[in-house]
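The residues making up each chain are set out below.
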Amino acid sequence: MRIDRPIGTWLLFWPCGWSIGMAAVPSCLPPLDLLTLFAVGAFIMRGAGCTINDMWDKDIDGKVARTKDRPLVSGALSQWDALVFLSGQLGLGLLVLLQLNWSSILLGASSLGLVVLYPLMKRITYWPQLILGMTFNWGALLGWSAVHGSCDWTVCLPLYTAGICWTIIYDTIYAHQDKVDDLRLGIKSTAIKFGEDTKTILSVFGGLMVGGLVLSGIQCGQTWPYYSAVSVVAAHLANQLLTLNINNPTDCGQKFLSNQRVGLILFLGIVLGNLLKEMPASDEAPVLDK
């Protein structure tokens, strides 16, 4: 489950938190019960994704220095052990999902295909980071649906797209740590696809991310703290890319971990921006469907 490395849980949770914050009643904090529920769900489903990944990649992991000591590779656990454990994880994930409205239950269940397929993508495409982005940012859709019972696509779609671009950025940086082993084993990634043009191409995705965040904010009437947070996020990403050394695994690892701050900065901007919105008249107040 990589409990000792919580960065994956945070990266899965933040798009959920953004969406819940965007959907909150103007002048109010986002619902704490939903934030807690999604945090638990992110912890469980990130762990399930790690289990699935290790089951698919058992033969590959033994040939990569960074992953050669994982429990399925070392023999500490069997594939059957992993399958039983995965069943328990998915069962707990389902219990969390069932606390939401029916629209959100169906929307959440529809992401399971992406969770299962993602580990296979690096065998067939140079764009596994795109599929990871689609998977990790599903919460940008699910959070809004959990609050309102359906998605406002004018807000959720640009937010989801921004999240996908963000994932491509941080996971391409992450993938540069393993590119030597990946090339030897025939594993594909955007790190290999972009090569020495990585910083230039990721700058384009950074621009698309910021554009998506701005559009999403406009569509839901966000205020100046949100756009200030987006500006800080843009500066943070620019600094990441300007100082990135794609041939230094340690630097790539540090840059990857710094993306936890990106998620937090944006979440705080969303919450503070929402607090400055005007409260709608009582006859116009949105009805929250939990």
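Look up a bit, the structure's there.
A brief structural summary.

Criteria and cut-off values
- Residues numbered from 1 in each chain as written.
- Predicted model: local features only at pLDDT ≥ 70, side-chain atom pairs only at ≥ 80, totals over all residues.
- Heavy atoms only, no water.
- Helix = DSSP H or I, 4+ residues; strand = E, 2+ residues; numbered from the N terminus.
- Buried < 20%, exposed > 50% of the residue type's maximum accessible area, 1.4 Å probe, protein only.
- Axes fitted to C-alpha atoms, helices over the stretch in contact; angles between N-to-C directions.
- Left-handed = near helix turned anticlockwise from the far one by under 90°.
- Contact = heavy atoms within 4.5 Å.
- Polar contact = N/O pair within 3.5 Å; in protein donor to acceptor, adjacent residues only side chain to side chain.
- Salt bridge = Lys/Arg side-chain N within 4 Å of Asp/Glu carboxyl O.
- Core = buried A, V, L, I, M, F, W, Y, C linked by side-chain atoms within 4.5 Å.

1. Some details on unusual backbone geometry
Part 1 of the reasoning: The backbone of Arg-2 sits at a positive phi, close to 60°, despite the residue not being glycine.
Part 2 of the reasoning: Structurally, Arg-2 is set in the segment before α1 (7-23).
Part 3 of the reasoning: Phi at Ser-27 is positive, roughly 70°, even though this residue is not glycine.
Part 4 of the reasoning: In this structure, Ser-27 sits in the loop between α1 and α2 (32-56).
Part 5 of the reasoning: A residue is classified by how much of its surface remains accessible, and Ser-27, at 29% relative accessible area, is partly exposed.

2. Quick notes on the packing of α2 against helix α7 (residues 112-121)
Part 1 of the reasoning: Between α2 and α7, the least distance of the axes is 8 Å, while the angle of their chain directions is 35°. The interaxial crossing formed by α2 with α7 has right-handed handedness. The segment α2 lies against α7, with Met-45, Gly-49, Ile-52, Asn-53 and Trp-56 engaging Leu-112, Val-115, Val-116, Pro-119 and Leu-120.

3. Focus on the side chain of Thr-51
Part 1 of the reasoning: Looking at where Thr-51 falls in the secondary structure, it is placed in helix α2.
Part 2 of the reasoning: In this structure the side chain of Thr-51 is engaged in a polar contact, spanning 2.8 Å, whose partner is the side chain of Gln-89.
Part 3 of the reasoning: Residues contacting Thr-51, with those up to four places away along its chain left out, are Ala-82, Phe-85, Leu-86 and Gln-89.

4. So, the environment of Arg-70
Part 1 of the reasoning: Position of Arg-70 relative to the elements: it lies in the loop between α3 (58-61) and α4 (71-74).
Part 2 of the reasoning: Residue Arg-70 is classed as buried on the basis of its relative accessible area, which comes to 13%.
Part 3 of the reasoning: Once residues within four sequence positions are removed from consideration, Arg-70 is found in contact with Arg-2, Asn-53, Asp-54 and Asp-61.

5. Looking at the pattern of salt bridges
Opposite charge on two side chains permits pairing when their charged atoms draw close.
Part 1 of the reasoning: Summed over all chains, the structure comprises 9 salt bridges.
Part 2 of the reasoning: For the salt bridge of Asp-57 with Arg-123, the shortest nitrogen-to-oxygen distance reads 3.1 Å. Taken together, the residues Asp-57 in the loop between α2 and α3 and Arg-123 in the loop between α7 and α8 (128-136) connect sequence positions 66 residues apart.
Part 3 of the reasoning: Here Asp-251 ties to Lys-255 by a salt bridge, and the two come within 2.6 Å at their closest N and O atoms. Within this pair, Asp-251 and its partner Lys-255 are both found in helix α15 (residues 249-257), separated by 4 residues, close to a single helical turn.
Part 4 of the reasoning: Residue classification places Lys-255 among the buried residues on the basis of a relative accessible area of 12%.
Part 5 of the reasoning: Connected through salt bridges with shared partners, the residues Arg-2, Asp-54, Asp-61 and Arg-70 form a single ionic network.

6. So, the nonpolar core
Part 1 of the reasoning: Trp-18, Phe-38, Trp-166, Leu-202, Met-209, Leu-213 and Leu-266 are the most contacted members of the largest nonpolar core, which has 64 residues in total.
Part 2 of the reasoning: With 12 residues, helix α10 (residues 153-175) is the largest single contributor of residues to this core.
Part 3 of the reasoning: Of all hydrophobic cores here, the second largest spans 7 residues; its members include Ile-52, Ala-82, Leu-86 and Val-115.

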